[in-house]
Amino acid sequence: MVLFTGVMNKTVTFSIPTDNIVNGNIKKVVKVTPPGPRKKMQIAVTEPGLRNNGPSPDYILDNYLNTLTQRVKYHLGFPENIRYDHHATLAPLLQFHLNNCGDPFTENPVDFHSKDFEVAVLDWFAKLWEIEQDEYWGYVTHGGTEGNLHGILVGRELLPNGILYASKDSHYSVFKAARMYKIDLEMINTSINGEMDYSDLKAKLLHNRDKPAIINITIGTTFKGATDDIDVILQTLKDCGYSHEKFYIHCDAALNGLIIPFIKNMISFKKPIGSVTVSGHKFLGCPMPCGVQITRKSCIANLSRKVEYIASMDATISGSRNGLTPILLWYSLSSRGQIGLQEDVQRCLDNAKYLKDRLQQAGISVMLNELSTIVVFERPLDHEFTRHWQLSCVRNIAHVIVMPSITRETLDDFFVDLVQQRKMWYQDGRVQPPCVADDIGAQNCACTHHNGQYSLKAKKTMATIG
C-alpha cells in the first residue's frame, strides 16, 4: 500500500491498495477523504462605512465559494445536475431585471423579459411529449412543486368534485396541493419498488366511481426512482367505467421526464393525459430551481384571467416569474440537443448499473429500478458519512442519484469509502448491517437472514479494498 498527501486548500490523504479485483479486473483504487461538510456560517449584515471587527463581505463570499468548490464533488444524494459550462457566458444577464409576467404567449408591456426564449423552450418540450404547438399551453415555473400545484389545480377546475388519487411514494407537493385546494384524497399503496399498486387503485376507483378522478402519475419517484405505468392506469380507468370526461391525469416527471423519452416512448399527449411537469434544474441542469409545465390549451380556459395591470392574460400560479431561467434552459437545450441528452441518459444508466453491481458484489444490500438512475442501498451507520457524501436517507435505506455531472471516478471514491467505513462499523460483530427486506425486497437484501454470509466474491472485494 502506498500513502501520500496532496494539498489543495486543505490536506487530503490518498490510500492506494495495489490490487482491487472487481468483475475479474485488477483496478487501482484511490481512497479519498472528502473535505468536511459545510458548517453554518456566522453571518451578519453590516452597515457600509461603519467600523467593525468582522470579516469583509468579499472575504465571506470568497470563503463561501471556496467551500462550495471543495464540496461539489460529494453531492450524491440529491437530484441536481451541477454541470454548468455556460455560467460565464450568461453572467452578463445578471445586470438586467428580467420578469416574465403573466402568460408567456402574450406581449409584455415592458421590454425586460425573456418570453421569446420561454416559448422556444416550451415548443421543444411540446415536441418531445408529442403535442402540437397550437394545442398546448405552458410556462416555465419555479420548480417541480409549482408544476404539480398547477397541474392538479387544472384538474380540480375541470372536475370540481373530483377525488385526487396519488401513490404513497408521490412527491410531497402532491399532498400539499390536496390540502391547499381542499380536494378529497385517496392515497394508493405502492409495491416494494415504489411503483403504484394498480389493484389498490382499481379498488378505490370502483369504490368512488360516482365521482370523477384526478390522478397523479409519478414518472420517477423521489427516493426509489420508480415509474408508474401510464398505460396500465389508463386501462384500469377504462375497466372501472371512467370515460375521458370523468378523469384528468397529471404526470409528475420532475426527474425522469428528461430520461424516459430517450429510452421508452411513454410520455405522450397522444394519450388522454392533461398535463406534464419536469424540473429544469435536475437532469438538464440549471443553477437555480426551475421547471416546465405543459397542459392542453383546451384545459386552461377556466384558469386564465385578463389582468389589466400587466396587460396580459394570466393562468400561472406565480404571476411574476424569473426571466433568467428560460434563457438558461434554452441555452442548455441548444448546447446539448437531443443527441447530447440521449448520451447523458445512457451514460447515467450505465454508471448507475456500474455502482449497483459493485455494491452487490461487495455484499451490500442494493436495488436499482428499470429506467432509473437512482441506486438505493442500505443506510450507512455513521451520520458523518452521510453528511460527507450529502446522502438522503429514509428509514433503513439511502440512495445515490447518478446525474450527468457525476463521474465514474466519483462513484469509485464513494464505493471505496463506503466499504472501508462499513468494515469498521461492523468489524466486532456486535452491530449487524440493517435488514432492508421491507424497504427494497428480500431479493435485494444482503443481511445474514436473507442472504447468509457474504459470497466468496464479496469477501475478496472487501479484502482487496480494505
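All of these numbers come straight from a predicted model, not from anything done at the bench.

Turning our eyes to something else, we now look at the overall build of the chain. In terms of helices and strands, the chain carries 13 helices and 18 strands. Out of the 466 residues in the chain, the part that is buried amounts to 53%. Counting contacts in the chain only where the partners sit at least 6 residues apart, residues at least 24 apart contribute 68% of the total. For the chain, the exposed surface amounts to about 22400 Å²; the carbon and sulfur share of it is 53%.

This part is about the packing of aromatic side chains. The full count for this structure, using the stated rule, is 13 aromatic pairs. Just above the ring of Tyr 242 sits the side chain of Lys 246; from NZ or CZ to the centre is 4.8 Å. Cation over ring: Arg 408 sits above Tyr 354, and NZ or CZ is 4.1 Å from the ring centre.

Reading across from one edge, E6-E12-E11-E10-E9-E7-E8 is the order of the 7 strands in this open sheet, with mixed pairing throughout. The sheet is open, and its two borders are formed by strand E6 (136-141) and strand E8 (185-188), each paired with just one other strand. Between one strand and the next, the sheet's axes are offset by a mean angle of 15 degrees, whatever the strand orientation. Of the strands in this sheet, E6, strand E7 (163-167), strand E9 (213-218), strand E10 (247-252), strand E11 (275-279) and strand E12 (291-296) are in contact with helix H4 (residues 144-158), which crosses E10 at around 175 degrees.

A few words on the layout of surface pockets. Estimated volume of the largest pocket: approximately 680 Å³. Considering the residues around the largest pocket, the lining is formed by 20 residues, among which Tyr 64, Leu 68, Val 72, Ile 82 and Tyr 84 are closest to the centre. With 6 residues, helix H1 (residues 57-71) is the largest single contributor of residues to the lining of the largest pocket. By residue class, the composition of the lining of the largest pocket is 12 nonpolar, 4 polar and 4 charged.

Moving on, we get to the confidence of the model for the chain. On average, residues of the chain carry a pLDDT of 87, and 87% of them reach 70 or more. This model gives residues 1-22 a pLDDT under 50, and the stretch forms 58 contacts once residues within four places in sequence are excluded. The model gives residues 452-456 a pLDDT under 50, and that stretch makes 9 contacts with residues more than four places away or in other chains.

Here the focus is the sheet that holds strand E16 (residues 374-378). Within a beta sheet, neighbouring strands are joined by backbone hydrogen bonds and run either parallel or antiparallel to one another. Strand order in the open sheet made by the 4 strands is E15-E16-E18-E17, with antiparallel pairing throughout. A single partner strand is all that each edge strand has here, and the edge strands are strand E15 (366-368) and strand E17 (392-394). With direction set aside, neighbouring strand axes in the sheet form an average angle of 25 degrees. Direction of pairing for E16 relative to strand E18 (residues 397-401): antiparallel, over a ladder of 5 bridges. Its bridge partner being in E18, Val 376 is matched across the sheet by His 399. Helix H8 (residues 324-361) rests against E15, E16 and E18 of the sheet, and its axis sits at about 160 degrees to E15.

Right, let's talk about helix H7 (residues 230-239) for a bit. What H7 keeps buried is the set Ile 230, Ile 233, Leu 234, Thr 236 and Leu 237. Along the long axis of H7, the arc covered by the buried residues comes to 160 degrees, so they all point the same way. Contacts made by the buried residues of H7 are with helix H6 (198-207), E9 and E10. One side-chain oxygen at the N-terminal end of H7 lies 3.0 Å from the backbone nitrogen of Asp 231; it belongs to Asp 229. After H7 finishes, the residue Gly 241 shows a positive phi value of roughly 85 degrees.

A few words on the pairing of E9. For E9, the buried fraction is high: 6 of the 6 residues fall into the buried class. Both faces of E9 are covered, namely the face carrying Ala 213, Ile 215 and Ile 217 and the face carrying Ile 214, Asn 216 and Thr 218. Pairing of E7 with E9 involves 3 bridges; the strand directions are parallel. Paired with Ile 163 across the bridge in E9 is Ala 213. The sheet contact formed by E9 and E10 spans 6 bridges and is parallel. Bridging from a neighbouring strand, Ile 215 pairs with Ile 249 of E10. In this region the chain leaves E9, passes through H7 and returns to the parallel neighbour E10; the handedness of that crossover is right-handed.

Interaxial distance between H4 and helix H5 (residues 172-181) falls to 9 Å at its minimum, and their mutual angle equals 45 degrees. Considering the angle they form, H4 stands oblique to H5. The interaxial crossing formed by H4 with H5 has right-handed handedness. Taking contact as the criterion, the partners of Thr 145, Asn 148, Leu 149, His 150, Ile 152, Leu 153 and Arg 156 in H4 are, on H5, Ser 173, Val 174, Lys 176, Ala 177, Met 180 and Tyr 181.

Further remarks concern the nonpolar core. One finds Phe 125, Leu 237 and Phe 414 to be the most contacted residues of the largest nonpolar core, which totals 97 residues. Examining the composition of this core, we find that 12 residues originate from one element, H8, more than from any other. Once you skip the residues sitting within four places of it in the chain, Phe 414 turns out to touch Leu 76, Leu 355, Phe 377, Phe 385, Trp 389, Leu 391 and Val 400.

Turning our attention to the pattern of salt bridges. All chains considered together, the criterion is met by 12 salt bridges. Of the charged contacts, one joins Glu 118 and Arg 321 as a salt bridge, the two residues approaching to 2.5 Å between their closest N and O atoms. One end of the pair, Glu 118, is in helix H3 (residues 115-128); the other, Arg 321, is in the loop between strand E14 (312-314) and H8, with 203 residues separating them in the sequence. Like Arg 321, Glu 118 is buried. Asp 412 serves as the salt-bridge partner of Arg 358, at 2.6 Å between the closest nitrogen and oxygen. Placement of the pair is Arg 358 in helix H8 and Asp 412 in helix H10 (residues 408-425), with a sequence separation of 54 residues.

Each value, and the rule that gives it
Residues numbered from 1 in each chain as written. Predicted model: local features only at pLDDT ≥ 70, side-chain atom pairs only at ≥ 80, totals over all residues. Heavy atoms only, no water. Helix = DSSP H or I, 4+ residues; strand = E, 2+ residues; numbered from the N terminus. Buried < 20%, exposed > 50% of the residue type's maximum accessible area, 1.4 Å probe, protein only. Contact = heavy atoms within 4.5 Å. Areas by Shrake-Rupley, 256 points an atom, 1.4 Å probe, with all protein chains shown as cover. Phe/Tyr/Trp six-rings, centres within 6.5 Å; stacked < 30°, edge-to-face > 60°. Lys NZ or Arg CZ within 6 Å of the ring centre and 35° of its normal. Pairing = 2+ DSSP bridges. Axes fitted to C-alpha atoms, helices over the stretch in contact; angles between N-to-C directions. 1 Å grid on protein atoms, 1.4 Å probe; cavity = no way out; pocket = protein on both sides within 12 Å on 5 of 7 lines; lining within 4 Å. Points joined across faces, edges and corners; volume = space filled by probe spheres on them. Nonpolar A, V, L, I, M, F, W, Y, C, P; charged D, E, K, R; others polar. pLDDT = per-residue confidence, 0-100. Arc of directions from axis to C-beta. Polar contact = N/O pair within 3.5 Å; in protein donor to acceptor, adjacent residues only side chain to side chain. Right-handed = clockwise from strand over helix to strand, strands pointing away. Parallel < 35°, antiparallel > 145°, perpendicular 65-115°, else oblique. Left-handed = near helix turned anticlockwise from the far one by under 90°. Core = buried A, V, L, I, M, F, W, Y, C linked by side-chain atoms within 4.5 Å. Salt bridge = Lys/Arg side-chain N within 4 Å of Asp/Glu carboxyl O.

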